[in-house]
Amino acid sequence: MRHLPRAVARSLCPAAIAGMVIFGPSPAGAEDDAPKGPAVTVLKVAKSCFSDIVEATGTIIAREETSVRPERPGLKVTEVLAEAGDTTTAGQVLARLALPEGGTLQVTAPVAGVIATSTAQIGNFASAKGEALFTIVARSEYDLIGLVATSDMRKLAVNQPATVRIAGAGDIDGKVRRIGPTVEPNIQQGMVYIGISSQKRLLLKASGRALIKTGQSCNVAVPLTAVQYSSAGTVVQVIRRNRVETKRVEVGLMSGGNIEVRDGLNDGDVVVARAGALLREGDPVRPVMAAEAAK
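The following refers to the structure shown. Here the structure is a predicted model, which means the values were calculated and not measured.

### Here's the deal with the environment of A206
Here's step 1: By the element assignment, A206 lies in the loop between β14 (189-197) and β15 (207-223).
Here's step 2: With a relative accessible area of 18%, A206 lands in the buried category.
Here's step 3: Between the alpha carbons of A206 and I61 there is a distance of 8.2 Å; along the sequence they are 145 residues apart.
Here's step 4: The contact partners of A206, leaving out residues within four places of it in the chain, are G58, T59 and I60.

Right under this line is the structure:
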């Protein structure tokens, strides 16, 4: 067997060593950290506050109605100065009536408020025992009498703030004024009175919906799309070192497309924005932050 010259052998040693470095095993963990697999949109979870809302549906009534009539019988209406829907002040002249012996009598508003109905027409007769010329919603105060699920009744308390939504009138601020002491047995719902003050005329007996804020909870939040429900429980897919980890979570309140996570996630965790069955525990992925994906 022929031997290579020593000079040639010495010249091959660096190359052999280099080949060992190139083809040798990768450093521990390099494979896990290398981005590969499908691209998925992710986001960092952050803390958010959620309002605990109880919903009540019902009808609008006047908290107190005041009827306006003349004190004497047989008076004819000669002038009408206000009509239904008008806002009045206490003492404001609403109509003038002709006296049988001559002269006129002024009909005034006994309280400030909104005129709910009016039957006053020029030429008609009015009396103390007849139909009221005007009915006034005293002090422009209304109530939404709403029904609430029995399971939510225990959350209610007087003075809790509410947003009352009425068709044609928009959103109006309200407050829990009174809570009914009983439950309707056939429908298992209780009654709540939501007080409303509005200078614009609200249609009595109109339907409305109240969103009552009964409390608040602050925890980390994720989009509803990030949560999966299965027989194994409620889970979220977390990304750690570019791989999928499935975490069981305890969820709470919902608002605006997000859901509160009370246990299982920490502030700053990176989660898959739209979890899906195609991603499984340990799968490698290439995470793309939601803000970058939207560009």
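There is more to say, and it comes next.
### Comments concerning the pairing of strand β1 (residues 39-44)
Here's step 1: One ladder, built from four bridges, connects β1 with strand β22 (residues 286-289); its direction is parallel. Of the residues in β22, the one forming a bridge with T41 is V288.
Here's step 2: Direction of pairing for β1 relative to strand β21 (residues 270-272): antiparallel, over a ladder of three bridges. What sits directly across from K44, in β21, is V270.

### Describing the state of the cysteines
Here's step 1: One pass over the structure, following the stated rule, counts one disulfide.
Here's step 2: Sulfur-sulfur distance for the disulfide between C49 and C218 comes to 1.9 Å. Taking the torsion about the sulfur-sulfur bond, which here is approximately 100 degrees, the covalent link between C49 and C218 counts as right-handed. Here C49 is found in strand β2 (residues 46-62), whereas its partner C218 is found in strand β15, with 169 residues between them in sequence.

### Focus: the nonpolar core
Here's step 1: Residues I166, V192, I194, I196, L202 and I212 are the most contacted members of the largest nonpolar core, which totals 24 residues.
Here's step 2: Of all elements in the fold, only β2, β8 (113-118), β11 (141-149), β12 (161-166), β13 (170-184), β14 and β15 reach the threshold of two or more residues within this core.
Here's step 3: For this core, the element with the highest residue contribution is β2, accounting for four residues.
Here's step 4: When near neighbours in sequence (up to four residues on either side) are disregarded, I196 contacts I60, R63, S140, E141, Y142, L144, V164, I166, I172, D173 and L202.
Here's step 5: Of all hydrophobic cores here, the second largest spans 18 residues; its members include A82, L94, A109 and V111.

### Describing the environment of A109
Here's step 1: Along the chain, the position of A109 falls in the loop between β7 (104-108) and β8.
Here's step 2: For A109, a relative accessible area of 2% translates into the label buried.
Here's step 3: In this structure the C-alpha to C-alpha distance between A109 and I136, which are 27 residues apart in sequence, comes to 8.1 Å.
Here's step 4: Leaving out residues up to four positions away in the same chain, A109 has contacts with T88, T89, A90, G91, Q92, L94 and I136.

### Digging into the sheet that holds strand β5 (residues 87-88)
Here's step 1: Within the open sheet, the four strands sit side by side as β3-β10-β8-β5. Their pairing is antiparallel. The two strands at the open ends of the sheet, each matched to only one other strand, are β3 (65-68) and β5.

Conventions we followed
- Residues numbered from 1 in each chain as written.
- Predicted model: local features only at pLDDT ≥ 70, side-chain atom pairs only at ≥ 80, totals over all residues.
- Heavy atoms only, no water.
- Helix = DSSP H or I, 4+ residues; strand = E, 2+ residues; numbered from the N terminus.
- Buried < 20%, exposed > 50% of the residue type's maximum accessible area, 1.4 Å probe, protein only.
- Contact = heavy atoms within 4.5 Å.
- Pairing = 2+ DSSP bridges.
- Disulfide = S-S within 2.5 Å.
- Core = buried A, V, L, I, M, F, W, Y, C linked by side-chain atoms within 4.5 Å.

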